[in-house]
Amino acid sequence: MQKFISEFKEFISRGNVMDLAVGMIIGSAFTGIVNSLVNDIIMPLISMMTGGISFDEWNFLLTSDENPSSLNVGTFLAQVLNFIIIAFVIFMVIKGLNKLRCMNTKAKAEVPAESPTKICPYCQLTISLRATRCPHCTSVLEQ
C-alpha cells in the first residue's frame with residue numbers, strides 16, 4: 001500500500017499533470033466567459049433580428065398530452081453557436097500567441113551575432129577573431 005501511495009504522489013507531482021489541472025481550471029473559467037458572451041450579448045441580438053423570438057422557444061411538440069415531449073431545436077442551435085464562438089475565440093487566441101512568438105523569433109534573429117572575424121590593425125585585412133598573428137602581414141596581434 002505504501003508503494004502505491006508513493007507512486008501516486010510521484011504521478012501527481014509531475015509537471016504535465018499540474019499543467020493539465022491548470023488548463024482545466026482556466027478552461028472552465030473561460031467557458032463561463034464565452035457562455036455569458038453568447039447568452040447575454042449575441043443571443044439577444046439574434047433574437048432581435050428574428051423578431052423577438054428566443055431560441056428557447058424554437059421547439060417541435062411531438063405529443064399533445066398533459067406532459068408533451070418536444071424537440072428543442074433552439075436550445076441545440078444555441079449550443080452549436082456557443083461551440084462555434086468558443087472555437088473562434090480559441091483560434092484567435094492561438095493565432096495571436098503564434099504571432100507574438102513569431103515576432104519574438106524575428107526580434108532575436110535581427111540581433112546581429114558577434115562577427116567571427118576582425119580587421120587587422122596593421123594591414124586592414126579581415127582575419128579570424130581568435131587569431132594571435134595576422135596571416136597576411138604576420139604582425140603579432142594584441143589580445
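Residues numbered from 1 in each chain as written. Predicted model: local features only at pLDDT ≥ 70, side-chain atom pairs only at ≥ 80, totals over all residues. Heavy atoms only, no water.

## A word on the overall build of the chain
Basically, it comes down to this: By the criteria applied, helices consist of DSSP H or I runs no shorter than four residues and strands consist of E runs no shorter than two, each listed in order from the N terminus. C-alpha atoms define the radius of gyration in this analysis, and the globule rule sets the expected value at 2.2 Å times the number of residues to the power 0.38. Per-residue accessibility, obtained with a 1.4 Å probe over protein chains only, is compared with the maximum for each type, and a residue is labelled buried under 20%, exposed over 50%, and partly exposed between these values. Two residues qualify as a contact provided that any one of their heavy atoms is within 4.5 Å of a heavy atom in the partner residue. To be clear on the numbers: accessible area is Shrake-Rupley with a 1.4 Å probe, and residue cover counts the displayed protein chains and nothing else.
Helix and strand counts for the chain come out as three helices and four strands. Against the compact-globule benchmark of 15 Å for 143 residues, the chain has a radius of gyration of 33 Å, which places it well outside the compact range. For the chain, with 143 residues in total, the buried portion stands at 13%. Contacts spanning at least 24 positions in sequence make up 16% of the contacts within the chain whose residues lie at least 6 apart. As displayed, the chain offers around 11800 Å² of accessible surface, 66% of which is attributable to carbon and sulfur atoms.

## Regarding the nonpolar core
Definition in use: Nonpolar core, defined: a set of buried Ala, Val, Leu, Ile, Met, Phe, Trp, Tyr and Cys residues in which side-chain atoms within 4.5 Å join the residues together.
Residues Val34, Val38, Met43, Ile46, Phe55, Ala78, Ile85 and Ile86 constitute the largest nonpolar core, which totals eight residues. Of all the secondary structure elements, the ones that give two or more residues to this core are helix 2 (15-49) and helix 3 (73-110). Per-element accounting of this core gives the leading share, four residues, to helix 2. If we ignore the near neighbours within four places in the chain, the residues touching Ile85 are Val34, Leu37, Val38 and Ile42.

## Description of the confidence of the model for the chain
Filter applied, for reference: What pLDDT expresses is the predictor's confidence in each residue, scored from 0 to 100.
Across the chain, the average pLDDT comes to 81, with 94% of residues at or above 70. Within the chain, helix 2 has the poorest average pLDDT of any element, 81, and strand 4 (residues 126-128) the best, 88.

## Some words on the environment of Ser139
As for its position among the elements, Ser139 is in the segment after strand 4. Given the relative accessible area of 18%, Ser139 is considered buried. Once the C-alpha coordinates of Ser139 and Cys120 are considered, the two residues, 19 residues apart in sequence, prove to be 8.6 Å apart. Excluding anything up to four places from it in sequence, Ser139 contacts Tyr122, Thr132, Arg133 and Cys134.

## With respect to a nonpolar patch on the surface
To be explicit about the condition: The patches reported here contain residues having more than 30% relative accessible area and no salt bridge. Joining distances are 9 Å for like charges and 5 Å for nonpolar side chains (Val, Leu, Ile, Met, Phe, Trp, Tyr). In what follows, salt bridge is the name for a side-chain nitrogen of Lys or Arg lying within 4 Å of a carboxyl oxygen of Asp or Glu.
Together, Ile90, Val93, Ile94, Leu97, Leu100 and Met103 make up an exposed nonpolar region whose accessible area comes to about 550 Å². Residue placement: Met103 occurs in helix 3. Taking relative accessible area as the criterion, Met103 reaches 51% and is therefore assigned exposed.

## Overview of unusual backbone geometry
The backbone phi angle of Gln124 is positive, close to 65 degrees, even though this residue is not glycine. At Thr138, a position not held by glycine, the phi torsion is positive, near 60 degrees. Here Thr138 is to be found in the segment after strand 4. Relative accessible area serves as the criterion here: at 48%, Thr138 is assigned to the partly exposed category.

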